[in-house]
Amino acid sequence: MKSLIEEVLNKRWPGIKFTQVRFVFTVPAEWRPHTIGILQDCIHKAGFTETKHLNNNLEFTTEPEAAAIYAMGKLGEHRIQEGSSFMVVDCGGGTVDLTTRTLLPNNKLSEITERTGGLCGSTYIDREFARFLEKKLGFAAVDKFRRENYGQYQSLIHHFFCPRIKFEFIDEKDVFRNIDLDIERTCPALIEYINKEIRDAIEDDDWLIEIKYEDVLTMFEPVVEKILNLIRDQLASSKQRCSTMFLVGGFAESPYLVKKIRDTFVSVVPIITVPQNPITAKRKTSDGRIYKFSCIATRGREVTPDEPCSGTYYPIYPDQTSILFDVYVTSRKNARFCDEEGMRKIGDLEIDIPDIEGGTDRPVEFSLMFGELLITATARNMKNHKIYSAKFDYVKNSSYFEATEI
Ligand SMILES: Nc1ncnc2c1ncn2[C@@H]1O[C@H](COP(=O)(O)OP(=O)(O)OP(=O)(O)O)[C@@H](O)[C@H]1O
Ligand SMILES: [Mg+2]
């Protein structure tokens, strides 16, 4: 983190030293001074401050405070008038925190008039997904898998469930395509914990568990219902009418959640908005990582149809059993992130890396070959030399032909 900040400093404000920067850290509102003290210690150990004590270079504020300051900058945009109240709903991974404030004269904010929160953040949907698996495979099996193979469990959540199901889910049955969870491929360690009867049945289905629209709905509903109730209660206990609701935090990226909140409160709160944060929006993955763009072929470089452009990649988790390559094109020369303006996804290719020996040191060579009409993507597991291939279309958006194992 420190080196990243230094890099940004050098680039944007050359000449400013790290020691000249004042850092403001946000902490949950309910943290006691003792806990903040522990964080202060960590900040010092991470090299942010020269002394252990609180000094001019370090400040703490609470998350709702920071969210309110952020929202204030947006109030003008929405023409919120003095005397009106607004609510910030911070939808995070663990908690959802709601605060209501009033805009006072001279662009000042009132103290918090209402504050509530609940344990209904986005990770509770991950939990509902685990419960879905428990129902299919037995509670004991999933529980044991989670305890004994935590890395693979995390990979199942962060590389399968979140990107394939949770992030994109919308309340439209017609557009939902059933998704198969391939246990043998995605979480092979789970198999040995499943009891024989269930195991035989799943083996007959080629280790596939089909996930349907109704299943996902059942995962979202209890969590979202809790959030709707929190908002309902806070609106009811607020003396003033709430003119605007800001939905912030990672979970506010969920189209399903935002739609439910809008549909439920549209008649009570005139403006319900999800302000876009240009830095964190979409770039962060569910485990806090940032998807960076790795350039394989540069615009302008001439290649013959059989000349591959390639790079070597490694799994993130030691017991990861598959890697998903998303292929993007852009006309920009120095693109850094996959959600930048002008980026277009043209396809993806998933490959198996079932043998977890070697941990994160399991190189995979990924290459692209540019033919007349199609781009061929090839991934080679450099350990077992298995090759996977897919073809992408230049013209059509995101079309791809079968990924085949060779
Ligand atoms: N499109 C999406 N749909 C559902 N959940 C999402 C989406 N995008 C991100 N998330 C979830 O948002 C969470 C991260 O959000 P955020 O960074 O606000 O949490 P946090 O501040 O770390 O958590 P908390 O506030 O509870 O401490 C993750 O659980 C992630 O899975
Ligand atoms: Mg948060």
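All values derive from a computational prediction rather than experimental measurement.

**Student:** I'd like a description of a nonpolar patch on the surface, backed by residues and values.
**Tutor:** Where nonpolar side chains cluster on the molecular surface, the patch consists of Val8, Trp13 and Ile16 and spans about 270 Å² of accessible area. Counting through the fold element by element, Val8 comes out in helix 1 (residues 2-12). A relative accessible area of 38% places Val8 in the partly exposed class.

**Student:** Explain the packing of helix 4 (residues 123-137) against helix 6 (residues 150-166) to me, using residue names and the numbers behind them.
**Tutor:** The geometry of helix 4 relative to helix 6 is characterised by a closest axis approach of 11 Å and an angle of 105° between their N-to-C directions. It follows from the interaxial angle that helix 4 and helix 6 lie roughly perpendicular. Two secondary-structure elements touch here, helix 4 through Thr123, Ile125, Asp126, Phe129, Ala130 and Leu133 and helix 6 through Tyr153, Leu156, Ile157, Phe160, Phe161, Cys162 and Lys166. For the contact of helix 4 with helix 6, the class distribution of residues is 10 nonpolar, one polar and two charged.

**Student:** Can you explain the nonpolar core? Please cite residues and give values.
**Tutor:** Formed by 61 residues in total, the largest nonpolar core has its most connected members in Phe129, Ile183, Ile231, Met245 and Ile261. In terms of residue count, the dominant contributor to this core is helix 9 (residues 213-237) (12 residues). Core analysis: the second largest hydrophobic core is formed by 18 residues, Ile351, Ile353, Val364 and Ala390 among them.

**Student:** So, a negative patch on the surface: which residues are in play, and what are the values?
**Tutor:** Taken together, the side chains of Glu184, Glu203, Asp204, Asp205 and Asp206 present a region of like negative charge at the surface. The residue Asp205 is located in the loop between helix 8 (196-204) and strand 8 (208-211) in this model.

**Student:** Mind laying out the confidence of the model for the chain, listing which residues take part and the relevant values?
**Tutor:** Averaged over every residue, the pLDDT of the chain is 86; residues scoring 70 or more account for 93%. Looking over the chain, one finds the lowest element-wise mean pLDDT in strand 17 (residues 404-405), namely 48, and the highest in helix 4, namely 98. Scored below 50 in pLDDT, residues 278-282 makes six contacts in the model with residues more than four places away or belonging to other chains.

**Student:** How would you explain the site of ligand 1 if you had to name every residue and give the values?
**Tutor:** Surrounding ligand 1, one finds 16 residues, the nearest of these being Gly94, Thr95, Ser122, Lys166 and Gly250. At 2.8 Å, a backbone N or O of Gly250 approaches an oxygen atom of ligand 1. Contacts to ligand 1 include Glu253, whose backbone N or O atom sits 3.3 Å from a nitrogen atom. Against a free-state accessible area of 660 Å², the protein chains account for coverage of 74% of ligand 1. A breakdown of the residues in the shell around ligand 1 according to their chemical character gives three nonpolar, 10 polar and three charged.

**Student:** An account of the domain arrangement of the chain is requested, with residue identities and associated values reported.
**Tutor:** Segmentation of the chain into domains returns domain 1 (2-56), domain 2 (64-288) and domain 3 (309-405). The distance between the C-alpha centroids of domain 2 and domain 3 comes to 29 Å. On the side of domain 3, 11 residues touch domain 2, which itself brings 15 residues to the contact. Here domain 2 meets domain 3 over a buried area of about 1200 Å², counting both sides, of which 42% is carbon and sulfur. Taken together, the connections running from domain 2 to domain 3 amount to three salt bridges.

**Student:** Tell me about the pattern of salt bridges, and please be specific about residues and values.
**Tutor:** Under the counting rule described, the total for this entry stands at 18 salt bridges. Between Glu365 and Arg380 there is a salt bridge whose closest N-O contact spans 3.5 Å. Of this pair, Glu365 sits in strand 14 (residues 364-370) while Arg380 sits in strand 15 (residues 374-381); the two residues are 15 residues apart in sequence, bridging distant segments of the chain. Its relative accessible area of 24% is what places Arg380 among the partly exposed residues. Salt bridges here are not isolated pairs; linked through shared partners, they connect Glu134, Asp143, Arg146 and Arg147.

**Student:** Could you give me a rundown of the packing of aromatic side chains, with the residues and numbers involved?
**Tutor:** Scanning the entire structure with this criterion turns up 19 aromatic pairs. On the numbers, 5.8 Å between centres and 80° between planes, the contact of Phe25 with Phe48 is edge-to-face. Placement of Phe25 in strand 1 (residues 23-27) and of Phe48 in the loop between helix 2 (33-45) and strand 2 (58-62) is noted, with a sequence separation of 23 residues between them. The partly exposed category is assigned to Phe25, whose relative accessible area is 21%. Members of the aromatic cluster, each reached through a chain of ring pairs, are Phe18, Phe23, Phe25, Phe48 and Phe60. For the cation-ring pair, Lys2 lies above Phe18, with the distance from its terminal atom to the ring centre recorded as 5.0 Å.

**Student:** Mind laying out the packing of helix 4 against helix 9, listing which residues take part and the relevant values?
**Tutor:** For the pair helix 4 and helix 9, the least separation of the axes is 9 Å and the interaxial angle reads 135°. In this view, helix 4 runs oblique relative to helix 9, as classed from their interaxial angle. Crossing hand, helix 4 versus helix 9: right-handed. Here Tyr124, Ile125, Glu128, Phe129 and Phe132 of helix 4 lie close against helix 9, whose contacting residues are Asp215, Thr218, Met219, Phe220, Pro222 and Val223. For the contact of helix 4 with helix 9, the per-class residue count stands at eight nonpolar, one polar and two charged.

Rules and cut-offs
Each chain has its residues counted from 1, running along the sequence as written. Note on labels: chains are lettered from A, ligands numbered from 1, in written order. Only residues with pLDDT of at least 70 get local features here, since the model is predicted, and only at 80 or more are side-chain atom pairs given and counted; chain-wide, interface and lining totals rely on the full set of residues. Note: side-chain values were computed over all heavy atoms of the structure, leaving out hydrogens and water. Exposure above 30% relative accessible area and no salt bridge define the residues that can form patches, which grow by joining like charges within 9 Å and nonpolar side chains of Val, Leu, Ile, Met, Phe, Trp and Tyr within 5 Å. Surface accessibility follows the Shrake-Rupley procedure with a 1.4 Å probe radius. Residue values consider only the protein chains on display as shielding. Any Lys or Arg side-chain nitrogen located within 4 Å of an Asp or Glu carboxyl oxygen qualifies as a salt bridge. Numbered from the N terminus, helices here are DSSP runs of H or I no shorter than four residues, and strands are runs of E no shorter than two. Exposure categories follow from relative accessible area, calculated using a 1.4 Å probe and restricted to protein chains: below 20% of the type maximum is buried, above 50% is exposed, and the middle band is partly exposed. The convention used is that axes are lines fitted to C-alpha atoms, helices contributing only their stretch in contact, and that angles between N-to-C directions extend from 0 to 180 degrees. When an angle is under 35 degrees it counts as roughly parallel; over 145 it counts as roughly antiparallel; between 65 and 115 it counts as roughly perpendicular; any other value is oblique. Only heavy atoms enter the contact rule, under which two residues are in contact if any of them lie within 4.5 Å. Side-chain classes are defined by residue name, with Ala, Val, Leu, Ile, Met, Phe, Trp, Tyr, Cys and Pro counting as nonpolar, Asp, Glu, Lys and Arg as charged, and the others, Gly among them, as polar. Here, nonpolar core means buried Ala, Val, Leu, Ile, Met, Phe, Trp, Tyr and Cys residues that are tied together by side-chain atoms lying within 4.5 Å of each other. Counting rule applied: Lys, Arg positive; Asp, Glu negative; His and chain ends not counted. For the purpose of locating charges, the reference atoms are NZ of Lys, CZ of Arg, CG of Asp and CD of Glu. Scored from 0 to 100, pLDDT records how confident the predictor is in each individual residue. Residues are counted as near a molecule or strand when any one of their heavy atoms sits within 4 Å of it. Polar contacts, as counted here, are pairs of nitrogen or oxygen atoms within 3.5 Å of one another; within protein the pair requires one atom able to donate a hydrogen and one able to accept it, and residues that are adjacent in sequence qualify only if both atoms are side-chain atoms. Residue ranges labeled as domains rest on an automatic or database domain assignment. Computed with a 1.4 Å rolling probe, the buried area is the accessible surface lost when two parts are put together, summed over both parts. Any pair of Phe, Tyr and Trp rings, taking the six-membered ring for Trp, is counted once the centres come within 6.5 Å. Such a pair is stacked with planes under 30 degrees apart, edge-to-face with planes over 60 apart, and tilted for the rest. Note on geometry: a ring has a charge over it if NZ (lysine) or CZ (arginine) is within 6 Å of the ring centre and within 35 degrees of the ring normal. By convention the crossing between two helices is left-handed if the near helix lies anticlockwise of the far one by an angle smaller than a right angle, and right-handed if it lies clockwise.

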